[in-house]
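# A look at the structure
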Amino acid sequence: MVQLVGSLRKELADSVSACRVLVVGAGGIGCELLKNLVLTGFKNIDVIDLDTIDVSNLNRQFLFQKKHVGKSKAQVAKESVLQFCPTANIKAYHDSIMNQDYNVEFFRSFMLVMNALDNRAARNHVNRMCLAADIPLIESGTAGYLGQVTVIKKGLTECYECQPKPTQKTFPGCTIRNTPSEPIHCIVWAKYLFNQLFGEEDADQEVSPDTADPELSWNPADTEARATASDQDGDIKRVSTKDWARSTGYDSVKLFNKLFKDDIQYLLTMDKLWKKRKAPLPLDWLELQKLACPQEVIGTGLKDQQVLGVAGYSQLFSHSVETLRLALADKGDGAELVWDKDDPAAMDFVTAAANLRMHIFSMNMKSRFDIKSMAGNIIPAIATTNAVIAGLIVLESLKILSGDVEQCRTIFLNKQPNPRKKLLVPCALDPPSANCYVCASKPEVTVKLNVNKTLVLALQDKILKEKFGMVAPDVQIEDGKGTILISSEEGETEANNSKFLSDFGIRNGSRLQVDDFLQDYTLLVNVIHSGELEKDVEFEVIGDAPDKAPTPPSSQEEPKNVANGNKDSAGPSTSSKVSAEQDDVLIVDSDDEEASSSTVDVSTESGGHKRKLHDAETGEASAKRQRLDQPTADNDNEDDDDDEDDIIALD
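Residues numbered from 1 in each chain as written. Predicted model: local features only at pLDDT ≥ 70, side-chain atom pairs only at ≥ 80, totals over all residues. Heavy atoms only, no water.

### Re the overall build of the protein chain
- Regarding its fold elements, the protein chain presents 17 helices and 24 strands.
- By residue count, 54% of the 651 residues in the protein chain fall in the buried class.
- Residue pairs at least 24 apart in sequence account for 71% of intrachain contacts in the protein chain once pairs closer than 6 positions are excluded.
- Accessible surface, the protein chain: about 29,000 Å² in total, of which carbon and sulfur atoms supply 49%. (Helix = DSSP H or I, 4+ residues; strand = E, 2+ residues; numbered from the N terminus. Buried < 20%, exposed > 50% of the residue type's maximum accessible area, 1.4 Å probe, protein only. Contact = heavy atoms within 4.5 Å. Areas by Shrake-Rupley, 256 points an atom, 1.4 Å probe, with all protein chains shown as cover.)

Listed below in structure tokens is the structure:
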């Protein structure tokens, strides 16, 4: 007769009680997961989170109360969970998992790692550390009503990075500054404007008309001349937007007329831009104040869901500028404000500025609610979704501790039942990709770039760290001499940063050996030189083209949405995501929330069932996963949590 301890077999209960597990993230999913773990019988838990508790977390992260605002999530979560099980041995770290103190040996001290993250960089890092330590990893993610859980085991399953992750959509500067055609373009412009006026100025976030717009000249050489023109126009020196605003004392009327009248009139002089487009219509402050009803409201409903008239937004712009001016003055000379979607004045400013620009370019204006969703790049988090996902994480962990890793599944939580009336859909885990540049036996990748224009610093920061997720890369040129191009030792190769790759003899066909000793990871980079990259494209990874992923076939069945959760997106072995500010939101690249969630088209065929996953950030198709005929875990979920916004095969 089987002996039980609670609901578990005694052997499994003993394993649960004795094993040491690491929970990375103590937000939406993390809170539910920690509670589930101690109630299941886990006694030895380490939890790490760099974040502190915010008021906005309290509606779904139930281990926290109002009195905890501003405190460490990891520490408060530990204290709260101990009330469920005072005998548990819980260790909390208020730190980043990417800190070099948490090396491979640290990861090897655990039997199991569970990710409850909210960003791609951290997910990539934990994936590599678990591969290096040969420790099973359970990945998860949620977005709204959608969620996903998967298991990653070295040599047995896909790793988190086996499938290419689509990059977040960006927009050309000339589109933002000269020819916006979608509301999101105007919202991005308004956020740039906030930083130019009140925050940290960034040359890449200029808001004035772009005189180097390629469309302004039929002669490419002429366009290049415009782009490289001196900052000196005769004896007149150009002044930054912030310096000009300060010189006016942040006069809201002068700001309004410059941004929405003078700059627009200047755009109209670029007549080639408007031959095939509807020309913008400048606004004049005095004319708007003559309108009879400045508080005109379009639509009904809650205040944040109403759309004001153009006169109303002009008044809101003026009021928000004055509020932000006072806030900046209170901080003292040289101070800067930081954009925060939960700051009423900052949100008023972006709402007003974006809508005024939409009106100028003949677009339908948006409510504050809609603009906040787009400007904050979020999909609302739902506590129940987090609870379901957290429960599924525990169920998968029990399979691993039982020695049944082969029985683990990727499980999708859908918004609506599929054709078989299932909300929870289990899929077989995919084997490792032979072409993965992380978990292959000899990771290798090919990068196309211009060796005469690519700086060593760009190779380090934009390619190796940002694109390939390394933390402290060392780069050696395979030139027969073993030339060290980049060293992780501070200051050792700093002099190389401002030099071009060609200065070191790197050319078409060169090979670079890159090592990240923290991640115990080596990557061979093949360089292809090209002088014909697209405008604003610094490099391309050959073979890594998620933007060319197959589009989903039309299905007769109702599409299902499965998206990553949190501010960035949580995704297991086939998805990834990056951190942002909150743990239960997803970065959205399009101008409506639907575009940000990944969808799953389920098509029934005689030979089986396949689902095509769509990236939660870009809506593009990812790898196929074979559905199982038996409803493996459909009945076993209840609590879960998704503190991050990355989901397997979604992110």
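### Thoughts on the sheet that holds strand β7 (residues 137-143)
- Reading across from one edge, β5-β4-β3-β6-β7-β8-β13-β14 is the order of the 8 strands in this open sheet, with mixed pairing throughout. Both edges of this open sheet fall to β5 (89-93) and β14 (424-428), since each of them pairs with a single strand only. Each strand axis lies, on average, 15° off the axis of its neighbour in the sheet, ignoring direction. (Pairing = 2+ DSSP bridges. Axes fitted to C-alpha atoms, helices over the stretch in contact; angles between N-to-C directions.)

### Some remarks on the sheet that holds strand β18 (residues 511-516)
- Strand order in this open sheet of 6 strands is β17-β16-β18-β19-β15-β20, and the pairing throughout is mixed. Every interior strand has two partners, whereas the edge strands, β17 (483-486) and β20 (539-542), have only one. With strand direction ignored, the average angle separating the axes of adjacent strands in the sheet is 30°.
- Across the face of the sheet, helix α16 (residues 456-467) comes into contact with β15 (444-449), β16 (474-477), β17, β18 and β20 while running at roughly 70° to β17.

### Points about a negative patch on the surface
- The grouping of E200, E201, D202 and E336 at the surface amounts to a negative patch.
- With respect to the helices and strands, E336 occurs in the loop between α12 (310-331) and α13 (344-360). (Patch = residues over 30% accessible without salt bridge, like charges linked within 9 Å, V, L, I, M, F, W, Y side chains within 5 Å. Salt bridge = Lys/Arg side-chain N within 4 Å of Asp/Glu carboxyl O. Lys, Arg positive; Asp, Glu negative; His and termini not counted. Charge placed at Lys NZ, Arg CZ, Asp CG, Glu CD.)

### What to know about the nonpolar core
- W189, F198, F260, F317 and F349 are the most contacted members of the largest nonpolar core, which totals 54 residues.
- Elements supplying a minimum of two residues to this core: α7 (183-198), α10 (252-268), α11 (285-289), β12 (307-308), α12, α13 and α14 (368-375).
- For this core, the element with the most residues is α13, which contributes 11 residues.
- Those residues in contact with F198 that lie beyond four places of it in its chain are K242, Y250, V321, L324, R325, L328, E336, L337 and F349. (Core = buried A, V, L, I, M, F, W, Y, C linked by side-chain atoms within 4.5 Å.)

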